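Take a look at the letters that make up each chain.
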Amino acid sequence: MDFLYTYETLKLEFPLAEPEDARFVILGVPFDGTTSFKPGARFGPTLIRHATLNLESYVLDYDVDIAELPIADIGDVAVVAGDPRKTADRVRETVEELKRANPSVIPILLGGEHSQTLGAVEALKPKSYVVFDAHLDLRESYEDNPYNHACVARRIAELGVKEAMFGIRSGTREEVAYAEESGIQWVHARDYSFDAFVELVKPLPEPVYISIDIDAFDLSLVPSTGTPEAGGLRFWDVVEAVEWLVENKRIAGFDIMEVAGSELGDVTALTAAKLLFHFIGAMGRL
Ligand SMILES: N=C(N)NCCCCNCCCN
Ligand SMILES: [Mn+2]
Ligand SMILES: [Mn+2]
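Cut-offs used in this document
- Residue numbers run consecutively from 1 along every chain, following the written order of its sequence.
- All chains are assigned letters beginning with A, and all ligands numbers beginning with 1, in the order in which they are written.
- With the structure being a predicted model, the display of local features is reserved for residues of pLDDT at least 70 and the display and counting of side-chain atom pairs for 80 or more, all residues being used for whole-chain, interface and lining totals.
- Only hydrogens and water are set aside when side-chain values are computed; all heavy atoms of the structure are taken into account.
- Note that water is not among the atoms considered, so a metal site may appear incomplete; the donors listed are N, O and S atoms within 2.8 Å of the metal, with 3.2 Å applied to Na, K and Ca.
- Only protein chains enter the accessibility calculation, which uses a 1.4 Å probe; a residue whose area is less than 20% of its type maximum is buried, one above 50% is exposed, and one in between is partly exposed.
- Where helices and strands are cited, they refer to DSSP runs of H or I of at least four residues and of E of at least two residues respectively, numbered from the N terminus.
- Cavities and pockets were defined on a 1 Å grid built from protein atoms only: a cavity is a group of points that admits a 1.4 Å probe but offers it no way out, a pocket is an open group of points flanked by protein on both sides within 12 Å along at least five of seven lines, and a lining residue is one with an atom within 4 Å of any such point.
- Grid points are joined across faces, edges and corners, and a volume is the space filled by probe spheres set on the points.
- Residues are sorted three ways: Asp, Glu, Lys and Arg are charged, Ala, Val, Leu, Ile, Met, Phe, Trp, Tyr, Cys and Pro are nonpolar, and all the rest, Gly among them, are polar.

Draft legend 1. Structural view of the coordination of the manganese ion (ligand 2). Protein coordination at the manganese ion (ligand 2): the donors are Asp 133 (OD), His 135 (ND1), Asp 213 (OD), Asp 215 (OD) and Asp 215 (OD), at 2.1 to 2.5 Å from the metal. Every donor residue of the manganese ion (ligand 2) comes from the same chain, spaced as D-x1-H-x77-D-x1-D. Taken as a pair, the manganese ion (ligand 2) and the manganese ion (ligand 3) lie 3.3 Å from each other and share Asp 133 as a ligand. Judged on exposure class, the residue Asp 133 and its partner His 135 are both buried.

Put into structure tokens, the structure is as follows:
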């Protein structure tokens, strides 16, 4: 099928399904128009797809070969350079087109700035937003733009979506106060445990949108990201949390955002690709 705003790019290695027939549909969002520190998020989707070439499609943890699952890749959204709101509108419209053609599909966004998660959430209308991030992303506005990546969780909370955040180690006094006032619960990276995770997410209403800002991981795993912060989560912390959500909650959508870089084979993209295969593999086991 054709989409208004997407174009083809490097595909996954194994045979892919058509978006109408797929259970999972990958969509890249190569946007980095409001990046304030480290550049390169526009290359994130391509770097992640390339990094998947290094991985076995058989996820041995689950005895699932994801090459046997119906996965489609509809390419990348044509971004409006410098305009996160207009680009997120295109993400929203693309995900809406996809859901009209295939109502039970799980969209998987690869980014690109975290600002673009808003478009997917607007299209999918989840009841809850579970996010792994170093940052609260609860600013009212940043650098004069309310659609900056540093504001995305605030915009999503304003839609009435319940939020829980993990891996946090950066925010302003105002963001902490906003979380408190709005009942947004978050766990500091240094306090993270699987039990703390389950306690916060268990009561959340379904369906759940899962968002991975790649900077949630320890810096050693993800050096190439827009606003890197030391002291993050371990790889298996996040995998085990995603497994719990997949097994216990209805999932509306999934994304891996803020992957940047300029070299193929970047550590950050390899971390993201491995996590992507674990998400699809864990879903595929059901
Ligand atoms: N959500 C985010 N990625 N937020 C990070 C915003 C950038 C904070 N810079 C602080 C600079 C202080 N001199
Ligand atoms: Mn972040
Ligand atoms: Mn973020």
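Draft legend 2. Main features of the environment of Glu 258. The residue Glu 258 is located in the loop between strand S11 (251–257) and helix H8 (267–284) in this model. On the accessibility criterion, Glu 258 (3% relative accessible area) is buried. Along the sequence, Glu 258 and Asp 32 sit 226 residues apart, while their C-alpha atoms lie 8.7 Å from each other.

Draft legend 3. Structural detail: empty space enclosed by the protein. Considering all chains together, one arrives at one cavity of 30 Å³ or more under this definition. In this structure, the largest cavity encloses a volume near 40 Å³. Around the largest cavity, the lining residues are Pro 84, Arg 85, Ala 88, Ser 115, Gln 116, Leu 118, Tyr 147, Asn 148, Val 152 and Arg 155. Listing elements by their share of the lining of the largest cavity, those giving two or more residues are helix H2 (84–101) and helix H4 (152–158). Considering every element that reaches the lining of the largest cavity, the biggest residue donor is H2, with three residues. Classifying every residue of the lining of the largest cavity gives five nonpolar, three polar and two charged.

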